[in-house]
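# Descriptive structure summary
Read off the chains here:
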Amino acid sequence: MGPSRTESEISLYDPNILLKLDFHKSPAKFNPFISAAAPGEDWLKVRPLQDGDYNRGFLQLLSQLTSVGDISLPQFLNRFAQMRASGDYFVTVIEDTRKNKIIGSATLVLEKKFIRNCAIRGQLEDVVVDDTYRGKQLGKLIVVTVSLLADYLGAYKMTLNCKDKLIPFYRSIGYVDEKGNANCMNIRFDANIGKNNTSGECTEQL
């Protein structure tokens, strides 16, 4: 059992935004219907990443997706503060409040552009759901949440890169293949950091 949440914890972004998202706008089909505000179980909570989530297994969850490394609490808090100060990172998590444990996560990154009258593009990154929580539509829930969040924040589009086996999943919730623009290519600068990961891959357990 992890530590209890305290009122002094800081959220990466305003949690009230999630209550404003209209899940009926998404082409995703939920059965039964769920949303960020009502995720289907009273012990599930969808919210922004908090600075206390280091002790709720957030990094251990990410390790189900890719190599994370041995990150200390000061390192975590420093990166958290940098992301929060930038205003462009919206790491959203699902918590099992019974266990005080983070069981799902997805990141929305906002990219500021000059094109399209200084538009903003959303990028979906680091999608993962604990593989012991399958069957609760949580993969779909976390992706739809950050996708609607991108729309709410004024992004003109949301992009992602994923493995071939996940293409049907993303198609089912509204993502489409763009003709002539369906490839993911990378250049790596640190073999030790990146050897177990392909940048941008969505290898979540759904």
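Described in the following lines is the structure provided in the data block. If you're wondering where the values come from, they're calculated on a predicted model, not measured in any experiment. (Residues numbered from 1 in each chain as written. Predicted model: local features only at pLDDT ≥ 70, side-chain atom pairs only at ≥ 80, totals over all residues. Heavy atoms only, no water.)

Each helix and strand in the protein was counted, giving six helices and five strands. Each helix and strand of the protein, ordered N terminal to C terminal, gives the series β-α-α-β-β-α-β-α-β-α-α. (Helix = DSSP H or I, 4+ residues; strand = E, 2+ residues; numbered from the N terminus.)

Grouped together as the largest cluster of nonpolar side chains are 51 residues, with contacts concentrated most on Phe58, Leu124, Val143 and Tyr170. For this core, the elements supplying multiple residues, two or more each, are β1 (44–48), α1 (58–62), α2 (73–86), β2 (89–96), β3 (101–112), β4 (120–129), α4 (138–152) and α5 (167–172). Residues contacting Val143, with those up to four places away along its chain left out, are Leu124, Val127, Phe169, Tyr170, Ile173 and Tyr175. (Core = buried A, V, L, I, M, F, W, Y, C linked by side-chain atoms within 4.5 Å. Buried < 20%, exposed > 50% of the residue type's maximum accessible area, 1.4 Å probe, protein only. Contact = heavy atoms within 4.5 Å.)

Take the pattern of salt bridges next. This structure, assessed with the given rule, holds 13 salt bridges. With a closest N to O distance of 3.1 Å, Arg47 and Glu95 form a salt bridge. Of this pair, Arg47 sits in strand β1 while Glu95 sits in strand β2, placing them 48 residues apart in sequence. Looking at Glu95, the relative accessible area reads 1%, which means it is buried. Here the salt bridges do not stand alone but share partners, grouping Glu9, Arg47, Asp53, Arg56 and Glu95 into one network. (Salt bridge = Lys/Arg side-chain N within 4 Å of Asp/Glu carboxyl O.)

Another point: unusual backbone geometry. Looking along the chain, the bond that leaves Asn31 and enters Pro32 is cis, with omega of 5°. Take Pro32: it is sitting in the segment before β1. A positive phi angle, close to 60°, is found at Cys118, a residue other than glycine. Residue placement: Cys118 occurs in helix α3 (residues 115–118).

Let us look at the pairing of β1. In terms of burial, β1 is largely enclosed, as four of its five residues are buried. Alignment of β1 against β2, held across five bridges, turns out to be antiparallel. Bridged to Leu44 within β2 is Asp96. (Pairing = 2+ DSSP bridges.)

Moving on: the packing of aromatic side chains. Scanning the entire structure with this criterion turns up nine aromatic pairs. Taken together, the ring pairs in this structure connect Tyr54, Phe58, Phe76 and Phe80 into an aromatic cluster. Sitting over the ring of Trp43, Arg98 keeps its end group 3.5 Å from the ring centre. Looking at Lys140, its charged tip hangs above the ring of Phe30, at a distance of 5.4 Å from the centre. (Phe/Tyr/Trp six-rings, centres within 6.5 Å; stacked < 30°, edge-to-face > 60°. Lys NZ or Arg CZ within 6 Å of the ring centre and 35° of its normal.)

Here we take up α4. Here α4 spans 21 Å end to end across 15 residues, near enough to the 21 Å set by a 1.5 Å rise per residue. Most of α4 sits out of view: 13 of its 15 residues are buried. The first or second residue beyond α4 is Gly154, which carries a positive phi of 95°. (Expected span 1.5 Å × (residues − 1).)

Another point: the sheet that holds strand β5 (residues 157–159). Taken in spatial order, the five strands of this open sheet run β1-β2-β3-β4-β5, and their pairing is mixed. Edge positions in the sheet fall to β1 and β5, since each of these pairs with one other strand and no more. Mean inter-strand twist for the sheet, computed between neighbouring axes without regard to direction, equals 20°. (Axes fitted to C-alpha atoms, helices over the stretch in contact; angles between N-to-C directions.)

Here we take up α2. For α2, which comprises 14 residues, the first-to-last C-alpha distance of 20 Å matches the rise-based estimate of 20 Å (1.5 Å per residue) to within 8%. Looking one or two residues past α2, Gly87 carries a phi angle of roughly 75°, positive in sign.

As for its placement among the helices and strands, Val109 is situated in strand β3. A residue is classified by how much of its surface remains accessible, and Val109, at 17% relative accessible area, is buried. Separated by eleven residues in sequence, Val109 and Ile120 place their C-alpha atoms 9.8 Å apart. Those residues within four positions of Val109 in sequence are excluded, and the remaining contacts are Asp88, Tyr89, Arg121, Gly122, Gln123 and Glu125.

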